[in-house]
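A structural walkthrough
In case you want the letters, here they are:
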Amino acid sequence: MIDNVAVETAPEVPLWKNPAHPVTARVSALIDAMTLEEKIAQLYGVWVGASDEGGDVAPHQHDMEEAVDLDALLPRGLGQLTRPFGTAPVDPALGALSLLRTQTRIAASNRFGIPAVAHEECLAGFAAWGATAYPVPLSWGATFDPDLVHRMATAIGRDMRSVGVHQGLAPVLDVVRDARWGRVEETIGEDPYLVGTIGTAYVRGLEEAGIVATLKHFVGYSASRAGRNLAPVSMGPRERADVLLPPFEMAVREGGARSVMHAYTDTDGVPAAADEELLTGLLRETWGFEGTVVADYFGIAFLRTLHGIAADWAGAAGAALRAGVDIELPTVKTFGAPLVEAVTAGRIPEKLIDRALRRVLTQKAALGLLDPGWDPVPPALAGADLDDLDALRGRIDLDGPANRELARTVAEEAVVLLSNDGTLPLDRPRRVALVGPNADEATAVLGCYSFPQHIGVHHPATPVGIELPTLRDTLAAEFPDTEFTLVRGTGVDDGDVFGIPEAVRAARDADVVVAVLGDRAGLFGRGTSGEGCDVESLALPGAQQQLLDVLLDTGTPVVTILLAGRPYALGRAVAESAAIVQSFFPGVEGTAALAGVLSGRTSPSGRLPVGVPRGAGAQPATYLGARLAQAGEVSNIDPTPAFGFGHGLTYTTFAWSDLVTYTGEAATDGEFSLAFTVRNTGRRHGTEVVQLYLHDPVASVVQPVQRLVGYTRVPLAPGEARRLRVTVPADLASFTGRDGRRVVEPGGLELRLAASSTDPRLTATVTLTGPERHVDHTRRLHAVFEEEGEGTGV
């Protein structure tokens, strides 16, 4: 024993900060230690922008909200940082430094040392300056390739995590119900199984990279009336259950998504943000979701301002909390002082605060943000001299060669060849008239949530940050001996026709015309595609159809290329174009992908995730229509598409043969088994996309004529054949019955093996036997394709 000597002992680590204890115990201890104000502070975000000088972030000034005083807020803590990289152009390394310093400040300002969760958009790549802009989700759907989308998502997630981001606001799992809706480009397609499988692959990729994936928009947003953004939703419970919910169900169950974002819309008078049956009853109690529910931006305030179900901000906050919303985004509004006052006054029970807080803190614990060893330095800045700003600038490359190669692969697989009279691939043409508003427009490959189109347009003096070759550039490199004559002809939507005569002259002097038409991505009316850019019809914007028609009149073969965010009716071009190539905003490598398809360097393998309409006004229409939705003598409007869901040509031909039904009769809890052969009968390598559709001719409630229940990509060399076997669970025949429960009914079915929804190749008639069987969210979700015992697809 040592007398008169003070012995220093290490301070006791609070239970909540000790990783040796279970997370539930840690979170409970932390909640017990917090004041009401500290609890609520964890339930909102603040919209900020990183500093290009590496200093603290600055609150974003948004026209929908008043300014936020960080000095006043931070002593209570902070739940989230909204879009530090996606608010203004900032060098990635200095942005990471700014986020690091801000997180350090946040942790030091509150008495528990808890940092914030930083979230960003990642609908088409990490939405940050200088980051790779990948193809939009509609192109992901066109690949019919979940494995490739998984790889892309992993790369996106790694880039985000490397600079200190924790959560990504993607994927969009809304199923297209009306192609006039501006956000079609953000969706994966018009079929719930395609959306579910591709979206779940994306979720897995983000989550495996350490990023919290956020499913949106839950649920009904894409079914708004007349395709108008934020319009009410006219949808019955069966359509919601069988069309719109399955992708979310799959992504929760199989993808491991840790967050869900509520939709803006209301269904039958109940806003999604205040729908307890949806956000708590279905999502949590039935599906078992344990993550966080975040508000779509300003969505809680909209309960008062747009929906009128709350008289004040506190009422809006209470309605959202009761329903199951945990976090207010993008910034503090209803969850600030109004919520504190309402809880203090007894209007809103504190147990609702604690319920949401438990979910938020559990997620922060999983991210390591409650650990004593938490380090604010992100991986990309590890070992760097954080005081040398000149050395840091340019240190982080978010658009490196591996990203570009992956972006090109996705873009190539997503190119859809709609028609071709043999003109493609082009055979060393001597003179090409390159015509149209998107022929020499660098940003024509980008969607509205890419950084250049979303944020960069507000900073015209700042370089775009990524290499964006135009189609003119890539075609000139692809065809070095060809003489190209470039004529704009008209703008995307300006209606200008003064350049059309020059385009006609160039076409008459050329061996072939390449007409590059389509969209300009933007937001809220600044584009022809994108959020808030809804359209009255699916006619090509502006004077583009007029330009296309006069080019067809010249007699020179016209190859029509669409760089767009939605499908458009093409009028005469459907029958008269020499070829039509559809590309849905294919990203930074999109023009290289298109040039490769035109030259034949690559063979197209994309398939339509949404049908291309024959007429501009027959909307809404999807291939999932019931019998009454088909063309008939009782109406003069024909909704039959020019090119149906799943359609896409290649540069070779395929023969399908030798169908054998091993199991043609199965119990309602059993499965069917089929086998068939696909052979490449052409002279070039190609990929066939085998699609499996189910037709239920007699059911207790009206069913779509057919619906996709499985698919697989089959690459084949010339002359090569593959024998495939597919196992089809009876569960795939289930639907929502009259009593609101999902049921498998006995009776006859058709299993159609098809090249598209309009091109069945082989049909097996099978029978379900036995009693009706009710199934739930644990039912089997996939048909299994196998070749020689090995899985070959979804």
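All values reported here derive from a predicted model rather than from experimental measurement.

**Describing the packing of aromatic side chains**
A full pass over the atoms with the stated rule returns 16 aromatic pairs. Aromatic side chains Tyr623 and Phe645 sit 4.6 Å apart centroid to centroid with 5 degrees between the ring planes, which places their arrangement in the stacked category. Of this pair, Tyr623 sits in the loop between β17 (612–613) and β18 (641–643) while Phe645 sits in the loop between β18 and β19 (654–663), placing them 22 residues apart in sequence. With a relative accessible area of 12%, Tyr623 lands in the buried category. These aromatic residues form a ring-pair network of at least three members: Phe144, Tyr193, Tyr623, Phe645, Tyr693 and Tyr711. Positioned above the aromatic ring of Trp313 is the side chain of Arg304, whose terminal nitrogen or guanidinium carbon lies 4.4 Å from the ring centre.

**Remarks on helix α12 (residues 313–323)**
The element α12 is largely enclosed, with a buried count of 9 among its 11 residues. Those residues of α12 not exposed but buried are Ala314, Gly315, Ala316, Ala317, Gly318, Ala319, Ala320, Leu321 and Ala323. Looking at the buried positions of α12, the neighbouring elements they touch are α10 (276–286), α11 (302–305), α13 (337–344) and α14 (350–366). Just past α12, the residue Gly324 takes up positive phi, approximately 125 degrees.

**Section: the nonpolar core**
Phe126, Tyr202 and Phe218 are the most contacted members of the largest nonpolar core, which has 222 residues in total. Every residue in contact with Phe126, bar those within four places of it in the chain, is listed here: Phe85, Glu120, Glu121, Ala131, Thr132, Ile156, Asp159, Met160, Val163, Val165 and Leu398. The next biggest cluster of nonpolar side chains, apart from the first, holds 31 residues, and it includes Trp656, Leu692, Ala730 and Val775.

**Observations concerning the sheet that holds strand β20 (residues 665–667)**
With respect to topology, 5 strands assemble into an open sheet ordered β20-β28-β27-β22-β23, the strand pairing being mixed. A single partner strand is all that each edge strand has here, and the edge strands are β20 and β23 (707–716). Strand-to-strand twist in this sheet, taken as the mean axis angle between neighbours without regard to direction, amounts to 25 degrees. Across 3 bridges, the pairing between β20 and strand β28 (residues 759–769) is parallel. What sits directly across from Glu665, in β28, is Thr767.

**Brief notes about the pairing of strand β12 (residues 431–435)**
In terms of burial, β12 is a largely internal element, 4 of the 5 residues being buried. Pairing of β12 with strand β13 (residues 483–487) involves 5 bridges; the strand directions are parallel. Bridging across to β13, Arg431 finds its partner in Glu483. Inspection of the sheet shows β12 paired to strand β14 (residues 512–518) by 4 bridges, in the parallel sense. From the neighbouring strand, Val432 faces β14, where its bridge partner is Val512.

**Quick notes on the environment of Ser673**
Relative to the assigned elements, Ser673 resides in strand β21 (residues 671–680). The class for Ser673 is buried, based on a relative accessible area of 5%. Measuring from C-alpha to C-alpha, the distance between Ser673 and Gly288 comes to 32 Å, with 385 residues separating the pair along the chain. In contact with Ser673, other than residues within four places in its own chain, are Val660, Thr661, Tyr662, Thr663, Arg725, Val726 and Thr727.

**Notes on the side chain of Asp275**
By secondary structure assignment, the location of Asp275 is in the loop between β9 (270–271) and α10. Accessibility expressed as a relative area gives 10% for Asp275, which makes it buried. Polar side-chain contacts of Asp275 include one of 3.2 Å to the backbone nitrogen of Glu277. Setting aside its immediate chain neighbours within four residues, Asp275 contacts Arg240, Val270 and Ala323.

**Comments concerning the packing of helix α18 (residues 471–478) against helix α22 (residues 590–599)**
Two numbers describe how α18 lies on α22: the axes approach to 9 Å, and their chain directions differ by 40 degrees. Taken together, the axes of α18 and α22 are oblique relative to one another. In the packing of α18 onto α22, the handedness of the crossing is right-handed. Contacts between α18 and α22 involve Leu471, Thr474, Leu475 and Glu478 on the former and, on the latter, Thr591, Ala592, Leu594, Ala595, Gly596, Leu598 and Ser599.

**Description of unusual backbone geometry**
Geometrically, the link from Phe218 to Val219 is a cis peptide bond, its omega value of -5 degrees lying close to zero. You can see Val219 is positioned in the loop between β6 (212–218) and α8 (237–244). Residue Pro330 follows Leu329 across a cis peptide bond; omega there is 5 degrees. Position of Pro330 among the secondary structure elements: in the loop between α12 and α13.

**A word on the pairing of strand β16 (residues 579–584)**
Consecutive side chains of a regular strand alternate in pointing toward one face of the sheet and then the other. Taking burial as the measure, the 6 residues of β16 include 6 buried ones, the bulk of the element. Burial along β16 is two-sided: Ala579, Val581 and Ser583 facing one way and Ile580, Gln582 and Phe584 facing the other are all buried. Inspection of the sheet shows strand β11 (residues 416–420) paired to β16 by 4 bridges, in the antiparallel sense. Paired with Val416 across the two strands is Gln582, which belongs to β16. Both strand β15 (residues 558–564) and β16 contribute to a ladder of 6 bridges, which runs parallel. Residue Thr560 lies in a different strand from β16, and its bridge partner there is Ile580.

**Considering the side chain of Gln706**
Examined against the element boundaries, Gln706 turns out to sit in the loop between β22 (686–695) and β23. On the basis of relative accessibility, which here comes to 11%, the residue Gln706 falls in the buried class. Within polar-contact distance, the side chain of Gln706 engages the backbone oxygen of Ser757 at 2.7 Å.

**Thoughts on the sheet that holds β13**
Across the sheet, 6 strands lie side by side as β11-β16-β15-β14-β12-β13; this open sheet has mixed pairing. Taken across any chain shown, the strands that pair with only one partner, and hence form the sheet edges, are β11 and β13. Taken over all neighbouring pairs, the strand axes of this sheet differ in orientation by 15 degrees on average, direction set aside.

**A closer look at the state of the cysteines**
The tally for this structure, following the rule as stated, stands at 0 disulfides. Of all cysteine sulfurs, the one in Cys533 lies closest to Cys448, which takes part in no disulfide; the gap is 7.2 Å. You can call Cys448 buried: its relative accessible area is 0%.

Conventions used here
Residues numbered from 1 in each chain as written. Predicted model: local features only at pLDDT ≥ 70, side-chain atom pairs only at ≥ 80, totals over all residues. Heavy atoms only, no water. Phe/Tyr/Trp six-rings, centres within 6.5 Å; stacked < 30°, edge-to-face > 60°. Helix = DSSP H or I, 4+ residues; strand = E, 2+ residues; numbered from the N terminus. Buried < 20%, exposed > 50% of the residue type's maximum accessible area, 1.4 Å probe, protein only. Lys NZ or Arg CZ within 6 Å of the ring centre and 35° of its normal. Contact = heavy atoms within 4.5 Å. Core = buried A, V, L, I, M, F, W, Y, C linked by side-chain atoms within 4.5 Å. Pairing = 2+ DSSP bridges. Axes fitted to C-alpha atoms, helices over the stretch in contact; angles between N-to-C directions. Polar contact = N/O pair within 3.5 Å; in protein donor to acceptor, adjacent residues only side chain to side chain. Parallel < 35°, antiparallel > 145°, perpendicular 65-115°, else oblique. Left-handed = near helix turned anticlockwise from the far one by under 90°. Disulfide = S-S within 2.5 Å.

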